[in-house]
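# Structural characterization, general
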Amino acid sequence: TRIFSAHVFPLCISIMVSTIMPTAEALLALCESLDRAPSVSEQDASSFLAQFQLDTLLQIFSAGVLPADKVSFVQSILSKVLSTSTGRSALQHAQPYLDAALQSPQPPLRRLAAEQLSSTLQQHNPLHNMNEAQQHALMQLLHALQDEATAVSSCAERGVVQWAASSPALTSALLAPNTPWGMRVRELSGSRSASVRLRVLGLLVELGRAGGAQVALQLQASGLLLDLLGRELGDTSDPLSALAALNLVSELVEHSPPGMTGTLCAAVTQALPAMLGDPLLKPGALRACASLVRAVLLGPGQQGLL
């Protein structure tokens, strides 16, 4: 049986690739044709999706038959197609394909899935009117924060931040401990993986930067940012993670909305004794403190929050 499988399995793969190859070549030719057009029209999108249905596209990307230097190009054209009304309509029935793509071993395909899940999420329905597809997309994007490919996790982070920062109600839904999404964020913030914790921290930092004063106050009230920053900065057993957290603090201070400086000061002050006792962390801790003092001096309206 093993000998049979050893011969038959590669043969099946070869047959599958040889079958898909002409379709992949046709896809590339169509993408090059659309790239020469001024824009992708609804008629173009309809024709494209009639010729290349989502399951076919998934097979092509998964088989790895596209030239490596053309994958991003095809992905960009496909994103334009799916951004049309026709494409968005097709995405309403694409959940199984996007879920499968998010599990693909091909990072470009996972990134494409994250992009389209983000598009599904950004339909600006009020929180109480979020449809099942949007709720599923949000959970999948939070899951994708754990992706080992930075391009995928960063895309997922942007999608969640854009959604949550668009209204105080959505920010509250993401941060609240009693919503499925808030519980998932808290679960990820307690991950054993330092890289996953830092991605959650990055998401909260970007949310604070994008959402302005109202979101800053919500972050402060939730305690999530303060708790996670405090844990990362205070864990001197993992200096690289603490240094990454310090860098995020310094970045946020530069663009800190009213209300955020107090949260950052509290987190840094809480961990300061441990960081000053570590020769590797001490210079970064002092720089972060200097940035926070400068932010307070330049923003007198924030001093009352310290």
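Residues numbered from 1 in each chain as written. Predicted model: local features only at pLDDT ≥ 70, side-chain atom pairs only at ≥ 80, totals over all residues. Heavy atoms only, no water.

To continue, consider the overall build of the protein chain. From N to C terminus, the protein chain includes 16 helices and zero strands. Put simply, the protein chain has 306 residues, and 45% of those count as buried. Put simply, 69% of the contacts in the protein chain that link residues at least 6 apart link residues at least 24 apart. (Helix = DSSP H or I, 4+ residues; strand = E, 2+ residues; numbered from the N terminus. Buried < 20%, exposed > 50% of the residue type's maximum accessible area, 1.4 Å probe, protein only. Contact = heavy atoms within 4.5 Å.)

The next point concerns the confidence of the model for the protein chain. The predicted coordinates ought not to be read in detail in places where the model reports low pLDDT. Model confidence for the protein chain is summarised by a mean pLDDT of 81, while 85% of its residues fall at 70 or above. Under a pLDDT of 50 for its full length, residues 1-18 has, in the predicted model, two contacts with residues more than four places off or in other chains. Note on residues 300-306: pLDDT is under 50 here. Beyond four places in sequence and across chains, it has 14 contacts. (pLDDT = per-residue confidence, 0-100.)

Packed helices, taken two at a time, are described by the angle their axes make and the gap between the axes. Packing of helix α2 (residues 42-51) against helix α4 (residues 71-82) leaves a shortest axis separation of 9 Å and a crossing angle of 115°. Remark: the crossing between α2 and α4 carries left-handed chirality. Between α2 and α4, the residues in contact are Ala-45, Phe-48 and Leu-49 and Leu-78, Val-81 and Leu-82, respectively. Considering only residue class, the contact of α2 with α4 consists of six nonpolar, no polar and no charged. (Axes fitted to C-alpha atoms, helices over the stretch in contact; angles between N-to-C directions. Left-handed = near helix turned anticlockwise from the far one by under 90°. Nonpolar A, V, L, I, M, F, W, Y, C, P; charged D, E, K, R; others polar.)

Attention now goes to helix α11 (residues 180-189). Buried within α11 are the following residues: Trp-181, Gly-182, Arg-184, Val-185, Leu-188 and Ser-189. Burial along α11 is one-sided: seen end-on, the buried residues are contained in an arc of 160°. Tucked inside the fold, the buried residues of α11 contact α8 (132-144), α10 (168-175), α12 (194-222) and α13 (224-234). (Arc of directions from axis to C-beta.)

With that out of the way, let us pick up the packing of aromatic side chains. Under the definition given, this model contains two aromatic pairs. On the numbers, 5.8 Å between centres and 50° between planes, the contact of Phe-48 with Phe-52 is tilted. Residue classification places Phe-52 among the buried residues on the basis of a relative accessible area of 1%. Ring geometry for Trp-163 versus Trp-181: centroids 6.4 Å apart, planes at 70°, classification edge-to-face. Here the residue Trp-163 occupies a position in helix α9 (residues 150-164), and Trp-181 occupies one in helix α11, the gap between them amounting to 18 residues. Residues Trp-163 and Trp-181 agree in their burial class; the two are buried. When the ring centre of Phe-73 is taken as reference, the NZ or CZ atom of Lys-70 above it lies at 5.8 Å. (Phe/Tyr/Trp six-rings, centres within 6.5 Å; stacked < 30°, edge-to-face > 60°. Lys NZ or Arg CZ within 6 Å of the ring centre and 35° of its normal.)

This part takes up the environment of Ser-172. The residue Ser-172 is located in helix α10 in this model. Taking the C-alpha atoms as reference points, Ser-172 and Ser-222, 50 residues apart in sequence, are found 8.7 Å from one another.

It is worth spelling out the pattern of salt bridges at this point. By the definition in use, this model includes six salt bridges. Linking Glu-115 and Arg-111 is a salt bridge whose minimum nitrogen-to-oxygen distance equals 3.6 Å. A residue pair is termed a helical-turn pair when its members lie 3 or 4 positions apart in one helix, as Glu-115 and Arg-111 do in helix α7 (residues 107-121) at four residues. The class of Arg-111 is partly exposed, set by a relative accessible area of 31%. When the shortest N-O distance is used, the salt bridge between Asp-227 and Arg-231 registers 3.1 Å. (Salt bridge = Lys/Arg side-chain N within 4 Å of Asp/Glu carboxyl O.)

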